[in-house]
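Structural overview for review
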There are 4 protein chains.
Amino acid sequence: MSFNVFGHAFRFSTWGESHGPALGAVVDGCPPGLPLSEADIQPFLDARRPGQSKYTTQRQEPDQVRILSGVFEGKTTGTPVSLMIENVDQRSKDYSEVAKAYRPGHADYAYDQKYGFRDYRGGGRSSARETAARVAAGAVARLVIPEVTVRAWVAEIGGDAIDPANFDAGEIGNNPFFCPDPVAAKRWEALVDSARKDGSSIGAIIACEATGVPAGWGAPVYAKMDSEIAAAMMTINATKGVEIGDGFAAARLRGEDNADAMRPGKSGPEFLANHSGGTAGGISTGQPIFCRVAFKPTSSILTPVPTITPDGEATEISTKGRHDPCVGIRGVPVVEAMMALVLADQKLMHRAQCG
Amino acid sequence: MSFNVFGHAFRFSTWGESHGPALGAVVDGCPPGLPLSEADIQPFLDARRPGQSKYTTQRQEPDQVRILSGVFEGKTTGTPVSLMIENVDQRSKDYSEVAKAYRPGHADYAYDQKYGFRDYRGGGRSSARETAARVAAGAVARLVIPEVTVRAWVAEIGGDAIDPANFDAGEIGNNPFFCPDPVAAKRWEALVDSARKDGSSIGAIIACEATGVPAGWGAPVYAKMDSEIAAAMMTINATKGVEIGDGFAAARLRGEDNADAMRPGKSGPEFLANHSGGTAGGISTGQPIFCRVAFKPTSSILTPVPTITPDGEATEISTKGRHDPCVGIRGVPVVEAMMALVLADQKLMHRAQCG
Amino acid sequence: MSFNVFGHAFRFSTWGESHGPALGAVVDGCPPGLPLSEADIQPFLDARRPGQSKYTTQRQEPDQVRILSGVFEGKTTGTPVSLMIENVDQRSKDYSEVAKAYRPGHADYAYDQKYGFRDYRGGGRSSARETAARVAAGAVARLVIPEVTVRAWVAEIGGDAIDPANFDAGEIGNNPFFCPDPVAAKRWEALVDSARKDGSSIGAIIACEATGVPAGWGAPVYAKMDSEIAAAMMTINATKGVEIGDGFAAARLRGEDNADAMRPGKSGPEFLANHSGGTAGGISTGQPIFCRVAFKPTSSILTPVPTITPDGEATEISTKGRHDPCVGIRGVPVVEAMMALVLADQKLMHRAQCG
Amino acid sequence: MSFNVFGHAFRFSTWGESHGPALGAVVDGCPPGLPLSEADIQPFLDARRPGQSKYTTQRQEPDQVRILSGVFEGKTTGTPVSLMIENVDQRSKDYSEVAKAYRPGHADYAYDQKYGFRDYRGGGRSSARETAARVAAGAVARLVIPEVTVRAWVAEIGGDAIDPANFDAGEIGNNPFFCPDPVAAKRWEALVDSARKDGSSIGAIIACEATGVPAGWGAPVYAKMDSEIAAAMMTINATKGVEIGDGFAAARLRGEDNADAMRPGKSGPEFLANHSGGTAGGISTGQPIFCRVAFKPTSSILTPVPTITPDGEATEISTKGRHDPCVGIRGVPVVEAMMALVLADQKLMHRAQCG
């Protein structure tokens, strides 16, 4: 059973492969009357678009989105919003090498085991190209939660972390790494460049914060906001870990240090800390929602790796082509999109039950 | 919108609060003809049961499970299996303090914000007591996947990790910490005891491994096995992080070090490493499924913490009562249960689509 | 894949068999703060309860409901409401005959084909006893939609229909048939009695009306209110047909006769007719929601019917025991419950999307 | 909450409006390895296509389907199959009249009440044009169930029913009414023509039979095959009633006449009748699945009908344009598609639970 839908009240599904004619998303359950045009979506696709610096893949995709349904006279009608992005740069590459050997770290072997065969052109459905469709859907989600600001950044590349003291949100858009620390951004140039030149790749950690989420979204137990966020982030290609709030570091704190103490504030309760990442018992507390997501290094590398052929013979493979030396970088708009999609859903779900 | 169901083809839902008359789980979609009696479930509940050592809460709950439906002449019929556990030790405690102030780290404030009021007796639905129902459901799930062995352990307590060189699965049941490293287990006695005596608490990291999962379970994109596992683990009380395979450490590896190279083996393909934790593209590879889960320190501590009353007045609270100094310890059977529940679902979903 | 959950935002699931220790329902997604006690539920169970007249089965079940979770200090908490009804009158009947031959019209053969075996005691999960759990859940649903009045009645028994000219809602509770036409009720006494004495059974048509549903509930296409109602009614035992509004009779009208013309009214738009049964395009119009449900004659009859044994041998079977000569009669509270459950869900779903 | 997905294991969703640039369906959960090209889908779209006789609307739509994803080298990959049909004949009609008054029988008023406004061009999402997308999805579903033959026909138009004695499946394709009775087909020419000339419309009843369904598909209670079929059919535009097997007529039979008696046959059990329409307890019996669906007369008629404007003023409306005098006729391929979609889902669901 494959399923390609995410969400409960506000839902989206995506379709399409790396080398098919197009890919897209269908957004369902969107509230009616929201002003929506391609111009609301395109900037987020542009932020994710490859080929914008030498630190990302040189594949050239304009990623122009078209709205095919669900909008009338510039407003959402409450019916499905179909978004389509044509694949333009399907370079007539020779994929015979990928067809003949499993790329370690990729889904090649697993797909063959599951389905009996696979679309080997650029990874087919397992390509990170699918994330363009999420980013488009995420732009619609943002319109559902105007009270919320979602912002992600790269917090660490190849083990080199930003210095919290240098954090400046205004810097995120000023460098090719979505890095809020200009000093680290400078260091990362050499780091990423060196991985690229070595025919290797490096991983990254993305942080994401959503401010403006009121207390009360989310729900107990199997609908915990933590669980929804974790599920959402772990559907993104190359992700291998998720933390909410302090995450694994919380496991090293004492109870009194981890508790987010409260006191009366000028406009309601105030918290003295946000170790929890803005949730308690799976429900938002009114503090910023905060999570971190681990991206493994890009699996497509020039460095040869031992592997087998579909017939079980030993061989090795080096993946040529136009790949991201650090796939995590372009994960930033994707993480933002998933956070917006989760929160739009949470808002509508809360409204359903609690009015 | 609250939802209390988990899974797609093999599903379970739970109900019940800490201080109600009972709690339970309903398992739906279970294959027919599986031999099932209370004796298949009770041992797992016993492993989770409180009050078995001085390192866990002294609340005494026999946690006797009753099967109320879905079994005929000792075999599952394919219809819902209803499991009930009565709450016995509902000590007539005075909860007026909890009613009068929000316990930091707990869901008290969030519930009040969401629902307008809350069941303050022992945390109500947000109590870790709910996990007894999962453990019961998980025991049924295990019968669906006899080819799989699921095993979890505590890998770290209060920042003190086991030594992989000492790992001995046979030790897990030999100490009150589900610890596979007898040397660490010894150290943890003092560690946990000290936290308890201080009126404080400490966190833990649980590791879980499932062997015997064939290649091909799971599915791409929004049905990734990684996403399902992450969602499952993050529904457990006190969890704040999940890693699949190397998790956050993968973000610090180079591509060639992270790739799980392959070679022909005696009985099919062999992998030279398992950085991925047994999945690729969200689909199992045939390697062991491996994840780690971060548990924050117990929020119920004797140490007073500043907080507010429901009326917004400043106060402080210290949570008296019988609490786990390290709630992560009893998380071990719960993590195992969730892994079994995810995998049983994955097996049936794979069968649905791929025959 | 069995599934035993109904609904989207307001959901319920049921569990239990005819001859197990108990059966129950879990209501999930219920809004918080609704006053709820067993006294809100019991009257509806009493209306469905067998053994109240000679026209229904003589099985004696007190059908006392217990609320096991989700209520605190008399109000729903927003967490799952678990409802349990113990089976008391599990007469130690000899079911060997049912074990040895398939009862035509019953699910015996189909269950064996699907599951490989079956719980033959009183039909197991396929018993109409399951409907007690729905009726309990339906009572909770009613509290979610206080603006709506749901009322069902028997419109026809054994081909003998009520006379619309005699319709008097006040009569429904005055006879053992839920019949709004006192003249027809009189006729039905003989009709049902004769079927019973013949060891036979007869069918019935139930009508159900919900008034007070505002315009705008429901949704287009796959979420049409018509579709939800049809699905709901066709999950009830013995139902074989559903009509919304004029139903099949609409297929015999001309367009201008079927159109529900409108005109301005004192307090908003008025309709000149309600052929549509209160929906247009799957969305409520503000007119009463109206449907009709066909119940086949009870399959358990004394009259012998040719059949086969599980081994494929020819035999015949006559079903002894305490059966309803017209199972449709006791369907009235069940149809009402399902309508209330659908509408509670529709209300919350509308609120989710449209605020 | 709108939802535009149908199915559980084999699912499809549709998007698009009457007058947008395109409409489409996404089929998810499709088994891998099925040969699929546009040529497998187009014939079913052609059968539904308007403008093929004077008895249907004269709108000219080529309804050419394009497969945008999920197929590689001519076979389904197990990932979403995206199907798109461009809207070509969006005649630049003047819709100001529809904008200014609610068409009785249409969803105009209900949409406005739900969403606050509506896409009035050709009904927007509520247009029967949406059914093209279902028919495309249904063609994929047929490939999943090669063992099953699905066939629908018009059984009655404007109250004039076929004579069962004349039933000849071979005739269904020989007349513009999908009528298996050549004598009735002749009569219907005048009947439909007269409705058209009068500026009126008439209703129809469609029958559908699926042969080859093995015993054991479907499931008890809320997953009954009867419920799934009823839900599916009632999502189609203009449907107001569904019967399984004898349907409402079963409510007029005695128990012994309604029971489908069994006897041993040459190749397994045989039934002496099929009053049940191929299901018992919601599970298939191996007999043909049979249902009937009532279509109301087309709501778009030239005959003026009293109505109101969005401002609540009295007016009347006559719907000019190219409309089907009997929308039920073109419902035949749609009913077939929905039956195939339900059964493909049932097959995979059965496989999930029962292997």
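Residues numbered from 1 in each chain as written. Chains lettered and ligands numbered in written order. Predicted model: local features only at pLDDT ≥ 70, side-chain atom pairs only at ≥ 80, totals over all residues. Heavy atoms only, no water.

1. Quick word on the side chain of glutamate 243 of chain A
Which entries qualify depends on this criterion: Secondary structure elements follow DSSP: runs of H or I no shorter than four residues count as helices, runs of E no shorter than two count as strands, and numbering proceeds from the N terminus. As used in this structure description, the phrase polar contact means that two N or O atoms lie within 3.5 Å; if the pair is within protein, one of them must be able to donate a hydrogen and the other to accept it, and residues adjacent in sequence are counted only when both atoms belong to side chains. Should any heavy atoms of two residues lie within 4.5 Å, those residues are considered in contact.
Mapped onto the secondary structure, glutamate 243 of chain A falls in strand S11 (residues 239–244). Within the structure, glutamate 243 of chain A has its side chain in polar contact with the backbone nitrogen of phenylalanine 248 of chain A (distance 3.0 Å). Look past the residues within four positions of glutamate 243 of chain A in its chain and what remains in contact with it is Phe248, Ala249, Phe290, Cys291 and Arg292 of chain A together with Lys240, Gly241 and Phe248 of chain B.

2. Remarks on the interface of chain C and chain A
Put simply, the rule reads: Here the buried area means the combined drop in accessible surface, using a 1.4 Å probe, for two parts upon being joined, counting both sides. A pair is scored as a salt bridge if a Lys or Arg side-chain nitrogen falls within 4 Å of a carboxyl oxygen belonging to Asp or Glu. Here the term charged refers only to Asp, Glu, Lys and Arg, the term nonpolar to Ala, Val, Leu, Ile, Met, Phe, Trp, Tyr, Cys and Pro, and the term polar to all other amino acids, Gly among them.
Taken together, the contacts link 14 residues of chain C with 14 residues of chain A. Summed over both partners, the interface of chain C with chain A buries about 960 Å², with 59% contributed by carbon and sulfur atoms. Counting the surface chain C buries against chain A, the share from its top three residues, Arg351, Ala352 and Gln353 of chain C, is 54%. At the boundary of chain C with chain A, the tally comes to zero salt bridges. At the boundary of chain C and chain A, one finds nine residue pairs in polar contact (both at pLDDT 80 or more). Grouping the amino acids of the side of chain C that touches chain A by side-chain chemistry returns eight nonpolar, five polar and one charged.

3. What to know about unusual backbone geometry
All names here are of chain C. Rules: Three labels apply to residues, based on accessible area from a 1.4 Å probe with only protein chains included: buried if under 20% of the type maximum, exposed if over 50%, partly exposed otherwise in between.
For glutamate 73, which is not glycine, the phi dihedral falls at a positive 50°. Tracing the sequence through the fold places glutamate 73 in the loop between strand S5 (71–72) and strand S6 (75–76). Positive phi values are uncommon outside glycine, yet valine 221 reaches one of about 60°. For valine 221, a relative accessible area of 4% puts it in the buried group.

4. Comments concerning the interface of chain B and chain A
Defined as follows: Pairing between strands is defined by DSSP: at least two bridges between the two strands are required.
On the chain A side, the residues contacting the 106 residues of chain B number 106 residues. In total, about 8,100 Å² of surface goes out of reach between chain B and chain A, with carbon and sulfur atoms giving 64% of it. There are six salt bridges connecting chain B and chain A. Residues arginine 252 of chain B and glutamate 156 of chain A are paired through a salt bridge, measuring 2.5 Å at the closest nitrogen-oxygen approach. At the junction of chain B and chain A, the tally comes to 35 residue pairs in polar contact (both at pLDDT 80 or more). Bridge count for S11 of chain A against strand S11 (residues 239–244) of chain B is three bridges, and the pairing is antiparallel. Along S11 of chain B, the bridge assignment pairs glutamate 243 of chain A with glycine 241 of chain B.

5. Some details on the side chain of lysine 240 of chain A
Within the fold, lysine 240 of chain A resides in strand S11. Here the side chain of lysine 240 of chain A touches aspartate 226 of chain B through a polar contact of 3.0 Å, side chain to side chain. Separated by 2.8 Å, the side chain of lysine 240 of chain A and the backbone oxygen of serine 276 of chain B make a polar contact.

6. With respect to the sheet that holds strand S7 (residues 81–86) of chain D
Residues and elements named next belong to chain D. An order of S1-S2-S3-S7-S4 is seen for the five strands of this open sheet, with the pairing classed as antiparallel. A strand with exactly one partner marks an edge of an open sheet, and here the two such strands are strand S1 (5–6) and strand S4 (65–67). Note: S4 against S7, three bridges, orientation antiparallel. Counted as the bridge partner of arginine 66 is methionine 84 from S7.

7. Things to note about empty space enclosed by the protein
Put simply, the test is: A pocket, in this scheme, is an open set of points on a 1 Å grid over the protein atoms alone with protein on both sides within 12 Å along at least 5 of 7 lines, while a cavity is a set where a 1.4 Å probe fits but cannot get out; residues line either one if an atom lies within 4 Å of a point. Grid points are joined across faces, edges and corners, and a volume is the space filled by probe spheres set on the points.
For the largest cavity, the calculated volume is near 1,800 Å³. Of all the secondary-structure elements, those providing two or more residues to the lining of the largest cavity are strand S1 (5–6) and helix H6 (225–233) of chain A, strand S1 (5–6) and helix H6 (225–233) of chain B, strand S1 (5–6) and helix H6 (225–233) of chain C together with S1 and helix H6 (225–233) of chain D. The residue inventory of the lining of the largest cavity, partitioned by class, reads 24 nonpolar, 12 polar and eight charged. In this structure, the second largest cavity occupies an estimated 790 Å³ of space. His106, Ser126, Ser127, Ala128 and Ser300 of chain A are, among the 43 residues lining the second largest cavity, the residues nearest its centre. Its residues assigned to classes, the lining of the second largest cavity comprises 11 nonpolar, 20 polar and 12 charged.

8. Details of the UniProt feature "binding site: NADP(+)" (unreviewed entry) in chain A
All names here are of chain A. Quick reminder of the rule: UniProt positions are given in the numbering used here, feature names are shortened, and annotations may be inferred rather than shown by experiment.
Per the UniProt entry, the sites bearing "binding site: NADP(+)" (unreviewed entry) are Arg48 and Lys54 in this numbering. When the annotated set is filtered for residues lining the second largest cavity, what remains is Arg48. You can see arginine 48 is positioned in helix H1 (residues 38–48). Mapped onto the elements, lysine 54 comes out in the loop between H1 and strand S4 (65–67). Of the residues examined, lysine 54 reaches a relative accessible area of 45% and is grouped as partly exposed.

9. As for the relation of the copies chain B and chain A
Threshold: For the least-squares superposition of copies, only C-alpha atoms count, and only for residues with pLDDT at least 70 in both.
Rotating chain B by 180° and moving it 0.0 Å along the rotation axis overlays it on chain A with an RMSD of 0.0 Å. Viewed as a symmetry operation, the transformation between the two copies matches a two-fold axis. Identified as the residue of chain B closest to the rotation axis by C-alpha distance is alanine 231 of chain B, at 2.4 Å. The share of interface residues of chain B whose copies in chain A are also at the interface is 100%, consistent with both copies meeting through the same surface.

10. Here's the deal with the relation of the copies chain C and chain A
Mapping chain C onto chain A is achieved by rotating through 180° and translating by 0.0 Å along the same axis, at an RMSD of 0.0 Å. Most of the interface of chain C is mirrored in chain A: 100% of its interface residues are interface residues there too.

11. What to know about the pattern of salt bridges
Scanning all chains against the criterion turns up 100 salt bridges over all chains. Of the charged contacts in the structure, one is a salt bridge between arginine 49 of chain B and aspartate 46 of chain B, with a shortest N-O distance of 3.7 Å. Take arginine 49 of chain B: its relative accessible area is 23%, and that puts it in the partly exposed class. Owing to a relative accessible area of 27%, aspartate 46 of chain B belongs among the partly exposed residues under this scheme. The shortest N-O distance in the salt bridge between glutamate 61 of chain C and arginine 129 of chain C comes to 3.7 Å. Taken together, the positions of glutamate 61 of chain C in the loop between helix H1 (38–48) and strand S4 (65–67) and arginine 129 of chain C in the loop between helix H3 (108–115) and helix H4 (131–144) put the pair 68 residues apart, joining distant regions of the chain. The same class applies to glutamate 61 of chain C and to arginine 129 of chain C, which are both buried. A cluster of three or more residues bridged by salt bridges with shared partners is formed by Arg48, Glu61, Asp63 and Arg129 of chain A.

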